[in-house]
Amino acid sequence: MENYEEKINRRDEIVSVATRLFYEKGYKNTYFESIANEINITAPLISYHFKSKDNLARAVFESIGANIKNKLSEKIYLSKMPYDLKVSTVVDFLTLDKLWNDDENARNFFLEYMNCGFESCFTENNINFFKIHDRQYHLDIDRESGELSMLSIAATFASFSLSYAYYTGRLDCKTHEQFYDYLMRTQFRFMRLHDDEIDKIIRVGKDVFQMLNIQIMPYFQIK
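All values derive from a computational prediction rather than experimental measurement.

## Structural notes on the overall build of the protein chain
Moving on, step 1. In terms of regular secondary structure, the protein chain is built from 10 helices and 2 strands.
Moving on, step 2. Along the protein chain, helices and strands appear, N-terminal first, in the series α-α-α-α-α-α-α-α-α-α-β-β.
Moving on, step 3. Relative to a compact globule of 223 residues, whose C-alpha radius of gyration would be 17 Å, the protein chain shows 18 Å and is just as compact.
Moving on, step 4. Counting only C-alpha atoms and orienting by the principal axes, one finds that the protein chain spans roughly 55 × 40 × 40 Å.
Moving on, step 5. For the protein chain, the proportion of its 223 residues judged to be buried stands at 45%.
Moving on, step 6. For the protein chain, the proportion of contacts with a sequence separation of at least 24, taken over those separated by at least 6, is 68%.
Moving on, step 7. Here the protein chain contributes 28 positive and 33 negative side-chain charges, whose respective centroids are spaced 2 Å apart.

## What about the packing of helix H6 (residues 104–114) against helix H8 (residues 147–167)?
Moving on, step 1. It is at 11 Å that the axes of H6 and H8 come closest, and there the two elements cross at 125°. One way to sum up the angle between H6 and H8 is to call them oblique. As H6 packs across H8, the resulting crossing turns out to be left-handed. Across from Arg 107, Phe 110, Leu 111 and Met 114 in H6, the residues of H8 making contact are Phe 160, Ser 163, Tyr 164 and Tyr 167.
Moving on, step 2. Grouping the amino acids of the contact of H6 with H8 by side-chain chemistry returns 6 nonpolar, 1 polar and 1 charged.

## Focus on the packing of aromatic side chains
Moving on, step 1. Counting across every chain of the model gives 16 aromatic pairs.
Moving on, step 2. The interplanar angle of 80° and the centroid separation of 5.2 Å between the aromatic rings of Tyr 23 and Phe 220 together place this pair among those described as edge-to-face. One end of the pair, Tyr 23, is in helix H1 (residues 4–25); the other, Phe 220, is in the loop between strand E1 (216–217) and strand E2 (221–222), with 197 residues separating them in the sequence.
Moving on, step 3. For Phe 220, a relative accessible area of 2% translates into the label buried.
Moving on, step 4. Taken together, a centroid distance of 6.1 Å and an interplanar angle of 10° make the contact between Phe 61 and Trp 100 stacked. With Phe 61 in helix H4 (residues 53–78) and Trp 100 in helix H5 (residues 85–102), this residue pair connects regions lying 39 residues apart in the sequence. With respect to class, Phe 61 is no different from Trp 100; both count as buried.

Parameters and conventions
Residues numbered from 1 in each chain as written. Predicted model: local features only at pLDDT ≥ 70, side-chain atom pairs only at ≥ 80, totals over all residues. Heavy atoms only, no water. Helix = DSSP H or I, 4+ residues; strand = E, 2+ residues; numbered from the N terminus. Rg over C-alpha atoms; globule rule 2.2 N^0.38 Å. Buried < 20%, exposed > 50% of the residue type's maximum accessible area, 1.4 Å probe, protein only. Contact = heavy atoms within 4.5 Å. Lys, Arg positive; Asp, Glu negative; His and termini not counted. Charge placed at Lys NZ, Arg CZ, Asp CG, Glu CD. Axes fitted to C-alpha atoms, helices over the stretch in contact; angles between N-to-C directions. Parallel < 35°, antiparallel > 145°, perpendicular 65-115°, else oblique. Left-handed = near helix turned anticlockwise from the far one by under 90°. Nonpolar A, V, L, I, M, F, W, Y, C, P; charged D, E, K, R; others polar. Phe/Tyr/Trp six-rings, centres within 6.5 Å; stacked < 30°, edge-to-face > 60°.

Purely geometric stuff here, so don't read any function into it on its own.
Have a look at this one:
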């Protein structure tokens, strides 16, 4: 029986191998057996840790997002630019968009992940994202009614749905920038920010994004 530390290490190892195989083969063509063979464990042990392939894909998706956020925070710190949460949010969104747009393997994983179903999109990270903004900026949200969690879930599904629609050719946008400006504005409108403030945040965020000169690397990595 695994102890707690062994369990965490094993989960991390499974996520790491799954990330590589999802990138190389895609979500649909990656099976528990192929992941297990890479680590020299049994497929049921992966089921023990993650219950389902959809849950494993969600863990991979969250790991990708966390790694990118950490790398961006490091780049912003090393550039000696002042940190602003709203601007950083724009940079995060633009970086993920660049990942899906520039790397076909990454984009295919994203689209297949979206096809896992609604349940795969529900993560605690989505609510925490709004909570962090609320603590920092005291958003105009009724906390007693659970509005924060309702808005965070609505914003998450709006983002995923718009991105999925765009990358599967369901949106008639003249330019990619037009699409992504709308997506980012939608996120901040869920936070009850005014359009003038949103325009400024996006403008500054784009400038920071350009200065960071982010490059997309294989296996969902950036530099």
